[in-house]
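Report on the structure
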Amino acid sequence: MKLLPSSYSNASSAFIIPHYSEDMDRMFIGDTINGLLKQTDSDWLAIIIDDASKKITVRNYLKKLREKYFPKIQVIFLDKNQGAGVCRNIGVSVALKQRCQIIHFNDADDISHPERVRIVKNVFTRCPYIGLVYSFFTVIDENNQPILGKKIPSSILEILESLTKSQPEGEDVWITMGTDTGYINKTSATSVRTAFAYQCPFPNARASEDFHTWLRLSAQGVCFKYLTSIPIQYRVPRFMKYQASRLRLGSNNFNKIKVCVDSDGFFKAIELAVARNKIKREEIADLKARFYRRLIRTMERERELSLVEQLTKKLNDISNKSSFCLQKEITYL
């Protein structure tokens, strides 16, 4: 992997775009790049990290893209497939070396709103206490046509439904996300100050790595801001039953990984919050119980009965331990 020297750009914003494609005919990165070129504020660069795409035609396309737009658009080719989270971490490191102050995450098949750079920069400039901005999103198919209602995959619809009810903002958003809403922000709809993105890298996981990161960012004290004015277009092609990451892993494997990654992210967030004196240790059991109840609802919606059973057992174990500790305290008194 060859990194680029830091002198190539002085842009204040960087779009970080992990990319992987097995089929030249099913690439959407052209639409993604067009979305960037339509930005009303041109103060940006894009860093594409190709995650070892197998087809030479795909790699050649990216090389031509780099030749045409470099240094505005930079491309890094990985030797082996490592997952979107690792790709984003690499992109953030490159952006940091090039002194970009803002990271816009943007997956290779999604389309950013043309005002994204301008509006996010304005928010971060006016409000130095805000560290992360996320926005609403709409769902489109392979032809950039909107997908509505029940035609949207259940896992995506759950996020949209949560956003219509609640848009958590401020500090300690991780508690609401972990115990009530679940996911609120798609990665492509999220922008972060570069320093925070670098200090809180994505875990090396193939599913839910973004949720893990948002939980930890919030628990470290990063303030979240929600915007309605710059919705991104999130792509779910009609010829794909699920989004790409879920399709590659298989829905059941995806959900198994999600349960583990979500749990690890929330429990790490708890420890970070305890270290900052934001919560007390006696609150942990209740937070974990609320987290499991929320995750059970998601797995019930996904009809993952085996995972529901496992999570219910964990929930009961926490409840039993809490009751036992309370009974000991009463007896002692």
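Below is a short write-up of the structure. (Residues numbered from 1 in each chain as written. Predicted model: local features only at pLDDT ≥ 70, side-chain atom pairs only at ≥ 80, totals over all residues. Heavy atoms only, no water.)

Attention now goes to the sheet that holds strand E7 (residues 223-235). Ordered in space as E3-E2-E1-E4-E6-E5-E7, the seven strands form an open sheet in which the pairing is mixed. Two strands lie at the open edges of the sheet, namely strand E3 (73-77) and E7, each paired on one side alone. Averaged over all adjacent pairs, the angle separating strand axes in this sheet is 20°, with direction ignored. Across three bridges, the pairing between strand E5 (residues 130-140) and strand E6 (residues 190-193) is antiparallel. Bridge pairing links Leu 132 to Val 192 in E6. Lying over the sheet, helix H1 (residues 29-37) contacts strand E1 (13-19), strand E2 (44-50), E3 and E7, oriented at roughly 175° with respect to E1. Helix H8 (residues 209-219) contacts strand E4 (102-105), E5, E6 and E7 of the sheet and is inclined by roughly 40° relative to E6. (Pairing = 2+ DSSP bridges. Helix = DSSP H or I, 4+ residues; strand = E, 2+ residues; numbered from the N terminus. Axes fitted to C-alpha atoms, helices over the stretch in contact; angles between N-to-C directions. Contact = heavy atoms within 4.5 Å.)

If you look at the biggest cluster of nonpolar residues, it comprises 69 residues, and the most contacted ones within it are Phe 105, Phe 137, Trp 174 and Trp 214. For this core, the leading source of residues is helix H11 (residues 284-301), giving eight residues. Leave out the neighbours within four places in its chain, and Phe 137 touches Ile 156, Ile 159, Leu 160, Leu 163, Lys 186, Pro 231, Ile 232 and Tyr 234. In terms of nonpolar packing, the next biggest core, distinct from the first, is built from 17 residues, Ile 17, Leu 62, Leu 65 and Ala 108 among them. (Core = buried A, V, L, I, M, F, W, Y, C linked by side-chain atoms within 4.5 Å. Buried < 20%, exposed > 50% of the residue type's maximum accessible area, 1.4 Å probe, protein only.)

Following the criterion strictly, the structure yields zero disulfides and no others. No disulfide involves Cys 100; its nearest neighbouring cysteine sulfur is the one of Cys 87, lying 18 Å away. For Cys 100, a relative accessible area of 3% corresponds to the buried category. With no disulfide of its own, Cys 260 lies closest to Cys 200 among cysteine sulfurs, the gap being 19 Å. For Cys 260, a relative accessible area of 55% translates into the label exposed. (Disulfide = S-S within 2.5 Å.)

On to helix H3 (residues 84-97). Side chains of residues three or four places apart in an α-helix project in the same direction, reflecting 3.6 residues per turn. Taking 1.5 Å per residue, 14 residues should reach 20 Å; H3 reaches 20 Å between its end C-alpha atoms and fits that length. Counting buried positions along H3 gives ten out of 14 residues, so the element sits mostly inside the fold. Next to the buried residues of H3 lie E1, E2, E3, E4, helix H7 (194-199) and H8. Backbone geometry just after H3 places Arg 99 at a positive phi near 65°. (Expected span 1.5 Å × (residues − 1).)

Its location among the elements puts Asn 185 in the loop between helix H6 (173-181) and E6. When its relative accessible area of 0% is taken as the criterion, Asn 185 is described as buried. Those residues within four positions of Asn 185 in sequence are excluded, and the remaining contacts are Leu 132, Tyr 134, Met 177, Thr 190 and Trp 214.

One can find Thr 179 in helix H6. Here the side chain of Thr 179 touches Ile 175 through a polar contact of 2.6 Å, landing on its backbone oxygen. A distance of 3.3 Å separates a polar atom in the side chain of Thr 179 from a polar atom in the side chain of Arg 290. Ignoring any residue separated from it by four or fewer positions in sequence, one finds Thr 179 in contact with Phe 266, Leu 287, Arg 290, Phe 291, Arg 294 and Arg 297. (Polar contact = N/O pair within 3.5 Å; in protein donor to acceptor, adjacent residues only side chain to side chain.)

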